[in-house]
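# Fold and contact review
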Amino acid sequence: RPYTRHIVSVGDLHGDFPNARKVLQFSGVTDDKGAWSGVVDYYVQTDDIIDRGDTIKLFTFMNTLREQAQARGGTVLSHLGNHEWMNVIGDWR
């Protein structure tokens with residue numbers, strides 16, 4: 001049997017918690033309660049978790065998801081996007 005991994009990648013959530021939940025459930029990353037489903041091996045958040053919406057709620061959710069994934073043998077990998085970097089350097093436009 002060939003070695004396979006189920007990988008899901010999503011980008012540019014921009015703090016949009018309700019739509020992030022929909023996308024992650026639709027793609028099999030989370031279950032209907034918003035918890036790590038165990039169906040996916042890797043979830044890659046390509047960039048821009050923050051800005052425009054409920055950034056703190058989404059950021060906290062992603063950290064919880066990361067912990068749940070790790071406990072079940074999965075991985076949540078987040079890449080920093082331009083919005084994260086802009087906040088780091090104090091560019092608040």
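Residues numbered from 1 in each chain as written. Predicted model: local features only at pLDDT ≥ 70, side-chain atom pairs only at ≥ 80, totals over all residues. Heavy atoms only, no water.

## Remarks on the side chain of His14
Put simply, the rule reads: Strands are runs of DSSP state E lasting at least two residues, helices are runs of H or I lasting at least four, and both sets are numbered from the N terminus onward. Here, two residues are considered to be in contact whenever any of their heavy atoms come within 4.5 Å of each other.
Relative to the elements of secondary structure, His14 occurs in the loop between strand 1 (7-10) and helix 1 (17-26). Apart from the residues within four sequence positions on either side, His14 is in contact with Asp48, Ile49, Ile50, Asp51, Arg52, Gly53 and His83.

## Focus: the environment of Asp54
The line we're drawing: Three exposure classes are used, based on accessible area relative to the maximum for each residue type with a 1.4 Å probe and protein chains only: buried under 20%, partly exposed in between, and exposed over 50%.
Tracing the backbone shows Asp54 in the loop between strand 2 (42-45) and helix 2 (55-71). The class of Asp54 is partly exposed, set by a relative accessible area of 40%. Through-space distance from the C-alpha of Asp54 to that of Arg93 is 17 Å; in sequence the pair is 39 residues apart.

## As for the environment of Ala71
For Ala71, the position within the fold is in helix 2. Ala71 sits 35 residues away from Trp36 along the chain, and the two C-alpha atoms are 9.7 Å apart.

## Quick notes on the pairing of strand 2
Going by this rule: Two strands are counted as paired when DSSP detects at least two bridges linking them. Note on handedness: a crossover is taken as right-handed if, strands pointing away from the viewer, the path from the first strand over the helix to the second is clockwise.
Relative to strand 2, strand 1 runs parallel, the two sharing four bridges. Within strand 2, the residue paired with Ser9 across the bridge is Val44. Following the backbone out of strand 1, through helix 1 and into the adjacent parallel strand 2, one traces a crossover that is right-handed. When strand 2 meets strand 3 (residues 75-78), the two strands line up parallel, connected through four bridges. What sits directly across from Val44, in strand 3, is Leu77. Assessed by its sense of winding, the connection that carries the chain from strand 2 through helix 2 to strand 3 is right-handed.

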